[in-house]
Amino acid sequence: MKNLLLLVAVLVVGCSGSDGERANHAGNFSKIILLDVQGLWGGRDLWLSSSGTGMCRVVDQSGDKANPGLQEKRYRIAMSPTEVGALRSMLGRWDFAAIESSSRPGIPDEARPRIYLDDGKKANVAYRWMGDVKKGDAFQEIYVALKKVVETAAAENPVYSGPLNWKWYPEGFPQTEMVRSMEGKKN
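A quick note: this is a predicted structure, and the numbers were derived from the prediction, not measured.

**Examining the overall build of the protein**
Then comes step 1: Across its full length, the protein holds 5 helices and 7 strands.
Then comes step 2: The helix and strand sequence of the protein, counted from the amino end, reads α-α-β-β-β-β-α-β-β-α-β-α.
Then comes step 3: Of all 187 residues assigned to the protein, the portion counted as buried reaches 42%.
Then comes step 4: Within the structure as shown, the protein displays about 10,200 Å² of accessible surface, and the carbon and sulfur contribution to it stands at 55%.

Set out below in structure tokens:
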């Protein structure tokens, strides 16, 4: 019963407002991607569909003499409808297209996470240098929520473990280079 009430609340929130209002809010995602791997230290990437399925990878410096350099572990994601509803509810509080991206040059070795959101009609990318991420703003709240999705998936067994393949991305999602090329362009 509790889950049913939560689902109804999420549906009411998700369906309120006109089509024009809803199209501007991130809760309507069809695909969301987090690109957060820094070339020296590693990080995490996430590809998530509206159904709550997808893939993520965790990258670190666990290489050895036989396999030097950054290593990755890939994990499948299978969120429950309740988890997807909670993510949609959090995303729906923000106008993703209005999120300001960093405009300054980066500091050497500074990470710059990117979040790509496709609502089924348009896609946008927001990115921030880590020094520009502010507690409580839209970018930070979405970033933290997506990191938690990766942390949950990474508690399971990986489906792949090996050297980092920068060009890899799961089928059905845009290529990483395409997402990066959208930086600074708002639709």
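**Quick word on the pattern of salt bridges**
Then comes step 1: Under the criterion given, the structure shown has 8 salt bridges.
Then comes step 2: Residues Arg104 and Glu110 are paired through a salt bridge, measuring 2.7 Å at the closest nitrogen-oxygen approach.
Then comes step 3: Residue Arg104 is classed as partly exposed on the basis of its relative accessible area of 27%.
Then comes step 4: Here Asp132 ties to Arg104 by a salt bridge, and the two come within 3.0 Å at their closest N and O atoms. Taken as a pair, Asp132 in the loop between strand E6 (123-127) and helix H4 (138-153) and Arg104 in the loop between helix H3 (81-91) and strand E5 (114-118) lie far apart in primary sequence, 28 residues in all.
Then comes step 5: Looking at Asp132, the relative accessible area reads 18%, which means it is buried.
Then comes step 6: A cluster of three or more residues bridged by salt bridges with shared partners is formed by Asp45, Arg57, Glu72 and Arg74.

**So, the side chain of Asp132**
Then comes step 1: A polar side-chain atom of Asp132 sits 3.0 Å from a polar atom in the side chain of Arg104.
Then comes step 2: In this structure Asp132 touches Ser102 and Arg104, once residues within four positions along its chain are discounted.

**Some words on the pairing of E6**
Then comes step 1: Counting buried residues along E6, 5 of its 5 residues qualify, which places the element largely inside the surrounding structure.
Then comes step 2: Because side chains alternate across E6, one face comprises the buried residues Ala123, Val125 and Tyr127, and the other comprises Asn124 and Ala126, equally buried.
Then comes step 3: The sheet contact formed by E5 and E6 spans 5 bridges and is antiparallel. Looking at the pairing, Ile115 lines up with Ala126 of E6.
Then comes step 4: The turn linking E5 back onto E6 is made up of 4 residues, and Gly120 within it adopts a positive phi angle of 95°.

**Let's talk about H4**
What sets the pattern is the α-helix's 3.6 residues per turn: residues three or four places apart point alike.
Then comes step 1: In this model H4 runs 23 Å from its N-terminal to its C-terminal C-alpha over 16 residues, within 8% of the 22 Å that 1.5 Å per residue would give.
Then comes step 2: Here H4 has its buried residues at Ala138, Phe139, Gln140, Ile142, Tyr143, Ala145, Leu146, Val149, Val150 and Ala153.

**Concerning the layout of surface pockets**
To find leftover empty space, one rolls a probe the size of a water molecule over the atoms.
Then comes step 1: Reported here for the second largest pocket is a volume of approximately 280 Å³.
Then comes step 2: What lines the second largest pocket is a set of 13 residues, among which Met79, Glu83, Lys148, Val149 and Thr152 lie closest to the centre.
Then comes step 3: Considering every element that reaches the lining of the second largest pocket, the biggest residue donor is H4, with 5 residues.
Then comes step 4: The class makeup of the residues in the lining of the second largest pocket is 8 nonpolar, 1 polar and 4 charged.

**Examining the nonpolar core**
Then comes step 1: In this structure, Leu46, Leu87, Ile115 and Ile142 are the most contacted members of the largest nonpolar core, which totals 28 residues.
Then comes step 2: Broken down by secondary-structure element, the contributors of at least two residues to this core are strand E1 (31-38), strand E2 (42-49), strand E4 (71-78), H3, E5 and H4.
Then comes step 3: Among the elements that take part in this core, H4 stands out by supplying 9 residues, more than any other.
Then comes step 4: With residues up to four places along the chain from it excluded, the contact list for Leu87 reads Phe29, Leu48, Met79, Ala145 and Leu146.

**Points about the sheet that holds E4**
Then comes step 1: The sheet built from 7 strands is open, its strands ordered E6-E5-E1-E2-E3-E4-E7 with antiparallel pairing. Each of the sheet's edge strands pairs with one partner strand only, and the pair in question is E6 and strand E7 (160-163). Adjacent strand axes in the sheet meet at a mean angle of 15°, parallel and antiparallel pairs treated alike.
Then comes step 2: For E1 and E2, the ladder comprises 8 bridges, and the chain directions are antiparallel. Residue pairing across strands places Lys31 opposite Ser49, the latter belonging to E2.
Then comes step 3: Across the sheet, H4 is in contact with E1, E2, strand E3 (53-60), E4, E5 and E6; its angle to E2 comes to roughly 90°.

Conventions we followed
- Residues numbered from 1 in each chain as written.
- Predicted model: local features only at pLDDT ≥ 70, side-chain atom pairs only at ≥ 80, totals over all residues.
- Heavy atoms only, no water.
- Helix = DSSP H or I, 4+ residues; strand = E, 2+ residues; numbered from the N terminus.
- Buried < 20%, exposed > 50% of the residue type's maximum accessible area, 1.4 Å probe, protein only.
- Areas by Shrake-Rupley, 256 points an atom, 1.4 Å probe, with all protein chains shown as cover.
- Salt bridge = Lys/Arg side-chain N within 4 Å of Asp/Glu carboxyl O.
- Polar contact = N/O pair within 3.5 Å; in protein donor to acceptor, adjacent residues only side chain to side chain.
- Contact = heavy atoms within 4.5 Å.
- Pairing = 2+ DSSP bridges.
- Expected span 1.5 Å × (residues − 1).
- 1 Å grid on protein atoms, 1.4 Å probe; cavity = no way out; pocket = protein on both sides within 12 Å on 5 of 7 lines; lining within 4 Å.
- Points joined across faces, edges and corners; volume = space filled by probe spheres on them.
- Nonpolar A, V, L, I, M, F, W, Y, C, P; charged D, E, K, R; others polar.
- Core = buried A, V, L, I, M, F, W, Y, C linked by side-chain atoms within 4.5 Å.
- Axes fitted to C-alpha atoms, helices over the stretch in contact; angles between N-to-C directions.

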